[in-house]
Amino acid sequence: MRSISLLAPAKINLYLEIIGDAGGGYHELAMVFQSIDLADRVDLRTIGIDDFRIRCDAQEVPLDNTNLAYKAAALMAKQFPNAFAQYGGAEITIEKQIPVAAGLAGGSANAAAVLVGLDMLWQLGQTVPELQQLGATLGADVPFCISGGTALGTGRGDQLEPLPDVDNLYVVLAKYRNLQVSTAWAYQTYRQQFGSTYAAAPEQLRQRRQRLHSGPMVGAIARKDSHKIAQLLHNDLEKVVLPAHPPVARLRAAFAAEKGVLGTMMSGSGPTVFALTSDLSSAEAVRQQVQTTLNDPDLGFWVAKCLPNGIQLSR
Ligand code: ATP
């Protein structure tokens, strides 16, 4: 029996712009991803079975073949049949820290960990770009979750370019535990309401993609200018999620009213809202203050730090 333990960090989006239609029901996006040290632990053990078994301590997470971690394992078995025949399947145990259906890419991070973990257990020696190419077939966030850190994502979010690390920012996250927002719903609703504004001509698409590459957010990250990064936070999906869920809008307003907050935004398709601070004590103070102001037992809070990496071996 062989085993491996990995940490699978969540991501937030410092920037998420919907720029057009990518065909096949997908959107053309321009995003800045950021890993944070709120991470699930994913253990893989080869136990002499010819399938994959998922265990997870979070009730909302499916344990069958719809789990993204299972899908990642099945993909590896299909892609590397000789290794699968030699080593067999594995038991995959997920200790959830990342809230589910929260816009933090928890499922994608688990899938990324399984790709990296099986590559190690099965001694395949795949490169990161090779694993990312495989991961893109599972979900648009999976390639980023493998390498992590700070990165630009274009296309469906899966065409990645690394950016300099953002190592001087702390993050306070809050989510209503009983509120989950489906990513598919958020994008479909956005399309219904704003589809007429999508860039359609190739030149228009190229220009809007380029705007992020050479734009103020990338410049602020390159200069490690926390205040500017926080001012430039952007997420188009707020336009559909906040009106549909007034408590999320109130949560965002509560963060924005706090003195220590450099900037606040919803992550991905939500409903998690995050606030950036420049040090840990400000982050803790903001968490306490907003918790007291809103005084809602359904609200969960987390404090995290920006992280320069994706999947890592757990010590
Ligand atoms: P993203 O930010 O990539 O849109 P998310 O953070 O909003 O993702 P997830 O936590 O990945 O959402 O969960 C989305 C849905 O996927 C959940 O409703 C859950 O039932 C299902 N799911 C499948 N596998 C997993 C997994 N390993 N962890 C969490 N959810 C999973």
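For the structure itself, consult the block above.
Here we summarise the structure given alongside this text. (Residues numbered from 1 in each chain as written. Predicted model: local features only at pLDDT ≥ 70, side-chain atom pairs only at ≥ 80, totals over all residues. Heavy atoms only, no water.)

Sheets are built from strands paired through backbone hydrogen bonds, the pairs being either parallel or antiparallel. Taken together, four strands build an open sheet; the order of strands is β9-β10-β7-β11 and the sheet is antiparallel. Strands with a single pairing partner mark the edges of an open sheet, and in this sheet they are β9 (263–266) and β11 (299–305). The mean inter-strand angle of the sheet, taken between neighbouring strand axes irrespective of direction, is 20 degrees. Each of β7 (170–176), β9, β10 (273–277) and β11 is contacted by helix α11 (residues 246–256), which is oriented at about 155 degrees to β7, the strand it contacts most. Contacts between helix α12 (residues 280–294) and the sheet are confined to β7, β10 and β11, with β11 contributing the most and set at about 170 degrees to the helix. (Pairing = 2+ DSSP bridges. Helix = DSSP H or I, 4+ residues; strand = E, 2+ residues; numbered from the N terminus. Axes fitted to C-alpha atoms, helices over the stretch in contact; angles between N-to-C directions. Contact = heavy atoms within 4.5 Å.)

On to the site of the ligand, then. Close contacts around the ligand come from 20 residues, with Gly103, Ala105, Gly107, Asp141 and Thr183 the closest. Glycine 103 has a polar backbone atom sitting 2.9 Å from an oxygen atom of the ligand. At a separation of 2.6 Å, an oxygen atom of the ligand approaches a polar side-chain atom of aspartate 141. In isolation the ligand exposes 610 Å². Once the protein is present, 80% of that is buried. (Near = heavy atom within 4 Å. Polar contact = N/O pair within 3.5 Å; in protein donor to acceptor, adjacent residues only side chain to side chain. Areas by Shrake-Rupley, 256 points an atom, 1.4 Å probe, with all protein chains shown as cover.)

Turning our attention to the pairing of β11. Burial runs high along β11: five of the seven residues are buried. Pairing of β7 with β11, which is carried by seven bridges, proceeds in the antiparallel orientation. Residue pairing across strands places alanine 174 opposite phenylalanine 301, the latter belonging to β11. (Buried < 20%, exposed > 50% of the residue type's maximum accessible area, 1.4 Å probe, protein only.)

Once that is clear, we can look at the environment of valine 303. Following the sequence through the fold, valine 303 ends up in strand β11. Here valine 303 is in contact with Val171, Val172, Leu280, Ala283, Glu284 and Arg287, once residues within four sequence places are set aside.

As for its placement among the helices and strands, alanine 254 is situated in helix α11. The spacing of alanine 254 and glutamate 161 is 93 residues in sequence and 34 Å in space, taken between C-alpha atoms. Apart from the residues within four sequence positions on either side, alanine 254 is in contact with Val290 and Leu294.

One pass over the full model with this rule turns up seven aromatic pairs. A ring pair is formed by phenylalanine 52 and tryptophan 122, whose centres lie 6.4 Å apart and whose planes are at 45 degrees; its orientation type is tilted. Of the two residues, phenylalanine 52 is situated in strand β3 (residues 52–56) and tryptophan 122 in the loop between α3 (106–121) and α4 (128–136); the sequence distance between them amounts to 70 residues. Judged on exposure class, the residue phenylalanine 52 and its partner tryptophan 122 are both buried. Put simply, the rings of Phe52, Tyr70, Phe84 and Trp122 touch in pairs and so form one group of aromatic residues. One residue, arginine 156, lies across the ring of tyrosine 26, its end atom 4.0 Å from the ring centre. Sitting above the plane of the phenylalanine 194 ring, lysine 239 keeps its charged end 5.3 Å from the centroid. (Phe/Tyr/Trp six-rings, centres within 6.5 Å; stacked < 30°, edge-to-face > 60°. Lys NZ or Arg CZ within 6 Å of the ring centre and 35° of its normal.)

Okay, the state of the cysteines next. On inspection of all chains with the given rule, the structure shows zero disulfides. In this structure cysteine 56 is not part of a disulfide, and its nearest cysteine sulfur, from cysteine 145, lies 16 Å away. Cysteine 306 takes part in no disulfide bond, and the closest cysteine sulfur, belonging to cysteine 145, lies 15 Å away. (Disulfide = S-S within 2.5 Å.)

With that settled, the discussion passes to the packing of helix α1 (residues 68–79) against α3. Orientation of α1 relative to α3, taken along the N-to-C sense of each, is 30 degrees, at an axis distance of 7 Å. Judged on the interaxial angle alone, α3 and α1 are roughly parallel. The hand of the α1/α3 crossing is right-handed. Residues Leu68, Ala69, Ala72, Ala73 and Met76 of α1 lie in contact with α3, whose contacting residues are Gly107, Ser108, Asn110, Ala111, Val114, Leu115, Leu118 and Asp119. (Parallel < 35°, antiparallel > 145°, perpendicular 65-115°, else oblique. Left-handed = near helix turned anticlockwise from the far one by under 90°.)

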